Amino acid sequence: MDIAYFIELLINGALTGMMYGLAALGIVLIYKSSGVPNLAQGAMVMLGAYFAWIAAAQWGIPLPFAIALAVVGMFLFGLFTERFLLRRMVGQPIIMIVMLTLGLEILLRGLGPGLFGAAPKSLDIGIGLAPIIIGDVFINRSYLVGAIVGVIMIGLALLFFRTRLGTKLRAVSDDHVASWSVGISVERAIAISWGLAGASAVAAGVMWGSVQGIDWTLSLLLFPAVAVVILGGLDSIYGVLVAGLIVGILGSVIPGYVDPIVGGGTRDVVTSLIILLTIIFRPHGIFGREDIERV
Amino acid sequence: MRNAIKGLIGAAGVAAIGVSGAAKSDDTFTIGLLQDFTAVYTFVTDEYHHGQMDYIELVNQEGGVEGHTIETIVRDTGNEPQRGIEAYSRARDQGAVLVDFLSTPVSRAMVNRVLDDEIVMITALHGRGDASHGTTFPYVFPMMATYWSQAMVLADYIDREQGGLEGKRIAHVYIDSPFGREPVPVLEELAERKGFEFETFAYPSPGTEQSATWSDVRRFQPDHVLIWGAGGGQPVSVREAIRAGLDPADILSVVWMAETDANTIGVDHATGVKRFEAVATGTDYPIIERIQEEVIDQGLGAGSEDEVGTTYYNIGVATMAVAVEGARLALEEFGGPLTGEKLRDGLRMIEEFDAEGMMPPITITEEDHQGGGFGRVSQWNGEAWEPITDWFAAHQDIVWEEIEKDAAEFREDN
């Protein structure tokens, strides 16, 4: 076996997985705070990237400030989403709320290119193309930076849930009525979680957008992101870290060996199998909390 | 999309004045631009469609085609055959004599219908390559080099200009779809004839993450790489190829590589990358200059002025230039009103037509609807795509073996 090839697949897979984690983090943030599985996160990643592009390329704002502005924009977008869409769904069955987020995903996927033009947009964040070479192993510099950003974002999310506000959000996730009864503004808590998911979407959108260009296909990150949150557990930030690594590594190593034999296409099969097998054998994921309801 | 919205408003206007097959006046004819404005082909549709609409406006401004004004019907198919069928049926009922779907799945689904209805379908740079077989597909016109011909032009360029093919290692890195796989048989045949090692590497759609594929490509140590994708996957391919240690000059792309891709790669990083070119890029061509003067400067453009002269804009212009030339020849020969049958025959009369220098001179015949399979190689020079060869076609014998084989299968199945 070519050990350098294996290591290269492993490392680049792990880095890619952490970048998937960036997209997955938003789903966990919302679920952990409000119990809503947000299927609009892919389109939010796309929108976050468009916001950063508008600020940087259209308005000529220096990139760090453009990204900061996009974070603010997406935070506000998250707040508005909660205020005008989610709040109306209070008391509705969870499946209707899931469908609402799916509808939002489809709406944004069409609206983004409609408003900003369908042709892919470029966002140069200054990462060189030359790989980092260690022995015979070539490491993708963009994915390395993306993975570092992913780890930082996950770390920040973990810290956030240890703050007073984060504790309130966890309480809201556990029980809306009990939270209300102790004076926590459930609506505000949920709005903040959507805002935070919007902000994390910018990080994912900028990193992925710098690699592939910005267009509607960024929203397709929803698929690997869903695999990450299902495997890691919908309410687990640690899960994003670990599952991101697993999804990324399996999605790199297995196709690396199987694709040349079968002619390609196995990565999506691997991702689908991760989703299916997790749901069958461990529905709450590796780190997800298993709620037991007594009837 | 903004173009689409304008177009759709235009389409509504056409409907409002009651265009139909029966009510159609003799001094107009209708073209259906039923394209994918919202799904897979969005990377190209805006600019392509913009070019088509601006060219049609130019022709109308200059008095139409033999006195006939062109009307357009614009609808979004979302790359879905079912929506394409719906849009097509309405366009047919409104009297369209030519349709352009700019979508391989939709145009493939429509082949039998246009053959039955005797409506011309143009499939420039998409659709089925065997539709070049004019006697099998009398109403389908690829009118530009098929993917088979594009692969042969690029391979021939390596053979003639990059030290020959013999003994070389050529990697074909492609999006895992029928489009990506399409040139494989002709390249395999050429590998046998020319004695080079040929290997294929697929990456999953939409191509936003290809690192595992390129680790495998690197093990193969190719001398040259052909990249066969579209949209967001293309810049990722080039970036990965450069990371894998390939000289950009050894990266050769299918026609779907434009200015936006070079920007996404990084204009400096992309310097040296080559691509197949079906239509010239830029504004220094009489047609584009007239569009600028008579359409854009008059405020009649269908989209952003920045798009004028871009790769896909000019391809859109060229498709309509060929269609209008066919219509002109048909009206000259047979008189109005223009029908699908007359237009088909007019297109088959096209000889050495180059859209005033914008494209290779094409000749369409009853047998050959591809027009000869011509193209050229251009290279990103840091600012623009610069042609580095003349227009040429290569190994058309191999291409036509494939066309004949697939067309025979179609005849058998139908």
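Please read these numbers as outputs of a predicted model, since none were measured by experiment.

K.L.:
In this structure, what is going on with the overall build of chain A? I would like to understand it.
P.N.:
For chain A, the helix and strand inventory stands at 11 helices and 2 strands. Its helices and strands in sequence order give chain A the pattern α-α-α-α-β-β-α-α-α-α-α-α-α, from N to C terminus. Taking 295 residues into account, the globule formula puts the C-alpha radius of gyration at 19 Å, and chain A, at 19 Å, falls close to it. The buried share among the 295 residues of chain A stands at 54%.

K.L.:
It is not clear to me how the overall build of chain B should be interpreted in this structure. Could you clarify?
P.N.:
Scanning chain B from N- to C-terminus turns up 14 helices and 12 strands. What you see for chain B is a C-alpha radius of gyration of 21 Å, in line with the 22 Å of a compact globule of 414 residues. For chain B, the spread of C-alpha atoms along the three principal axes comes to 65 × 50 × 35 Å. Here chain B, with 414 residues, has 63% of them falling under the buried criterion. Relative to all contacts within chain B whose residues are 6 or more apart in sequence, the contacts with residues 24 or more apart total 71%.

K.L.:
Would you mind showing me how to read the confidence of the model for chain B here?
P.N.:
Regions with low pLDDT carry predicted coordinates that are not meant to be interpreted in detail. Residue and element names in this part refer to chain B. In this model, chain B carries an average pLDDT of 92, and 94% of its residues clear a pLDDT of 70 or more. Here residues 1-23 is a poorly scored stretch, pLDDT under 50, and it has 43 contacts once near neighbours within four places are set aside; other chains count. Per the prediction output, this complex has pTM 0.87; the corresponding ipTM is 0.82.

K.L.:
Help me understand the domain arrangement of chain B in this model?
P.N.:
Often, the extent of an interface is quoted as the loss of accessible area on bringing the components together. Residue and element names in this part refer to chain B. Domain boundaries in chain B define domain 1 (2-145 + 281-347) and domain 2 (147-277 + 376-398). For domain 1 and domain 2, the distance between their C-alpha centroids amounts to 30 Å. Of the residues lining the interface, 11 residues belong to domain 1; the matching set on domain 2 comes to 15 residues. A breakdown of the residues in the side of domain 1 that touches domain 2 according to their chemical character gives 5 nonpolar, 6 polar and no charged.

K.L.:
What am I meant to see in the pairing of strand β1 (residues 28-35) of chain B here?
P.N.:
When a strand is regular, its side chains alternate between the sheet's two faces. Residues and elements named next belong to chain B. Of all 8 residues that make up β1, 8 are buried, and the element is covered over most of its length. With burial as the criterion, each face of β1 is covered, one bearing Thr28, Thr30, Gly32 and Leu34 and the other bearing Phe29, Ile31, Leu33 and Gln35. Taken together, the 8 bridges between β1 and strand β2 (residues 69-76) define a ladder with parallel strand orientation. Counted as the bridge partner of Leu33 is Val74 from β2.

K.L.:
What's the story with the pairing of strand β3 (residues 96-100) of chain B in this structure? I'm lost.
P.N.:
All names here are of chain B. With 5 of its 5 residues buried, β3 lies for the most part within the structure. Taken together, the 4 bridges between β1 and β3 define a ladder with parallel strand orientation. Across the sheet, residue Gly32 finds its bridge partner in β3, namely Val99. Direction of pairing for β3 relative to strand β4 (residues 120-122): parallel, over a ladder of 3 bridges. Pairing of Val99 across the sheet is with Met121, part of β4. Crossover β3 to β4 through helix α4 (residues 104-117) is right-handed.

K.L.:
When you look at the sheet that holds strand β7 (residues 197-203) of chain B in this model, what are you seeing that I'm missing?
P.N.:
Across a sheet, paired strands are connected by hydrogen bonds in the backbone, their directions being either parallel or antiparallel. Residues and elements named next belong to chain B. Pairing is mixed in the open sheet, where 7 strands are placed in the order β7-β6-β8-β9-β10-β11-β12. Each edge of the sheet is formed by a strand with only one pairing partner; in this case those strands are β7 and β12 (385-387). Averaged over all pairs of adjacent strands, the angle between their axes in this sheet comes to 30°, without regard to strand direction. Here 3 bridges tie strand β11 (residues 376-380) to β12, and the two strands are oriented antiparallel to one another. Across the sheet, the residue bridging to Ser378 is Pro387, located in β12. Against the sheet, helix α9 (residues 233-243) contacts β6 (169-175), β8 (224-228) and β9 (251-253), and its axis sits at roughly 165° relative to β8.

K.L.:
Quick question: what am I supposed to make of the packing of helix α1 (residues 3-34) of chain A against helix α9 (residues 222-232) of chain A here?
P.N.:
Residue and element names in this part refer to chain A. Where α1 meets α9, the closest approach of the two axes is 8 Å, and the angle between their N-to-C directions is 65°. Two packed elements cross with a definite hand, and for α1 against α9 that hand is right-handed. Facing α1, whose interface residues are Tyr20, Gly21, Ala23, Ala24, Ile27 and Val28, α9 presents Pro224, Ala225, Val228 and Val229. Here the residues of the contact of α1 with α9 sort into 9 nonpolar, 1 polar and no charged.

K.L.:
For this particular structure, what's the right way to read the interface of chain B and chain A?
P.N.:
In this assembly, 34 residues from chain B lie in contact with 39 residues from chain A. Elements supplying a minimum of two residues to the side of chain B that touches chain A: α2 (42-61), α8 (211-220), α9 and α10 (259-265) of chain B.

K.L.:
Whenever I open this one, the nonpolar core confuses me. Can you help?
P.N.:
Nonpolar side chains tend toward joint burial in soluble globular proteins. Leu98(B), Val99(B), Val120(B), Met152(B) and Leu154(B) are the most contacted members of the largest nonpolar core, which totals 138 residues. Top contributing element to this core by residue count: helix α12 (residues 311-334) of chain B, with 14 residues. Split by domain, this core shows at least three residues from each of two domains, domain 1 (2-145 + 281-347) and domain 2 (147-277 + 376-398) of chain B. Those residues in contact with Leu154(B) that lie beyond four places of it in its chain are Leu226(B), Leu252(B), Phe276(B) and Val377(B). Core analysis: the second largest hydrophobic core is formed by 88 residues, Met19(A), Val71(A), Ala189(A) and Val240(A) among them.

K.L.:
Would you mind showing me how to read helix α5 (residues 147-161) of chain B here?
P.N.:
In an α-helix there are 3.6 residues to a turn, and that puts residues three or four apart on one side. All names here are of chain B. Taking 1.5 Å per residue as the helical rise, α5 with its 15 residues ought to reach 21 Å, and the 21 Å between its terminal C-alpha atoms agrees with that figure. Counting buried positions along α5 yields 11 of 15 residues, so the element is predominantly enclosed. Buried residues in α5 make contact with α7 (184-194), β8, β9, β10 (274-277), β11 and α14 (396-413). Gly163 occupies a position one or two residues after α5 and carries a positive phi of about 85°.

K.L.:
Looking at this structure, how should I read the packing of helix α6 (residues 164-174) of chain A against helix α8 (residues 186-212) of chain A?
P.N.:
How two helices pack is summed up by the angle between their axes together with the distance between the axes. All names here are of chain A. Two elements in contact, α6 and α8, have axes separated by 9 Å at closest approach and are oriented at 110°. Of the possible angle classes, the one that applies to α6 and α8 is roughly perpendicular. Here Leu165, Lys168, Leu169 and Val172 of α6 lie close against α8, whose contacting residues are Val186, Ala189, Ile190, Ile192 and Ser193. Among the residues making up the contact of α6 with α8, the classes are represented as 7 nonpolar, 1 polar and 1 charged.

K.L.:
I keep staring at unusual backbone geometry and nothing clicks. Help me out?
P.N.:
Working note: non-glycine residues mostly have negative phi, and peptide bonds are mostly trans. Residue and element names in this part refer to chain B. With an omega dihedral of 5°, the bond running from Ser205 to Pro206 counts as a cis peptide bond. Looking at the secondary structure, you find Pro206 in the loop between β7 and α8. With an omega dihedral of -5°, the bond running from Gly336 to Pro337 counts as a cis peptide bond. For Pro337, the location among the structural elements is in the loop between α12 and α13 (340-347). Positive phi, close to 60°, is recorded for Glu118, a residue that is not glycine. By the secondary structure assignment, Glu118 is in the loop between α4 and β4.

K.L.:
Would you mind showing me how to read the sheet that holds β1(B) here?
P.N.:
Taken in spatial order, the 5 strands make up an open sheet running β2-β1-β3-β4-β5 (chain B), and their pairing is parallel. Looking at which strands have only one partner, the edges of the open sheet turn out to be β2 and β5 (140-141) of chain B.

K.L.:
Just checking my understanding: could you explain helix α10 (residues 237-262) of chain A for this structure?
P.N.:
Residues and elements named next belong to chain A. With 26 residues, α10 extends 35 Å from end C-alpha to end C-alpha; this agrees with the ideal 38 Å at 1.5 Å per step. Along α10, the sharpest change in direction is near 40° and occurs at Pro255. Residue Gly263 follows α10 closely and has a positive phi angle near 90°.

Conventions and cut-offs
- Residues numbered from 1 in each chain as written.
- Chains lettered and ligands numbered in written order.
- Predicted model: local features only at pLDDT ≥ 70, side-chain atom pairs only at ≥ 80, totals over all residues.
- Helix = DSSP H or I, 4+ residues; strand = E, 2+ residues; numbered from the N terminus.
- Rg over C-alpha atoms; globule rule 2.2 N^0.38 Å.
- Buried ≥ 20, exposed ≤ 12 C-beta atoms within 10 Å, placed from the backbone.
- Contact = placed C-beta atoms within 7 Å.
- pLDDT = per-residue confidence, 0-100.
- Domains from an automatic or database assignment.
- Nonpolar A, V, L, I, M, F, W, Y, C, P; charged D, E, K, R; others polar.
- Pairing = 2+ DSSP bridges.
- Right-handed = clockwise from strand over helix to strand, strands pointing away.
- Axes fitted to C-alpha atoms, helices over the stretch in contact; angles between N-to-C directions.
- Left-handed = near helix turned anticlockwise from the far one by under 90°.
- Core = buried A, V, L, I, M, F, W, Y, C linked by C-beta atoms within 7 Å.
- Expected span 1.5 Å × (residues − 1).
- Parallel < 35°, antiparallel > 145°, perpendicular 65-115°, else oblique.
- Bend = angle between axes of the 7 residues up to and from the residue.

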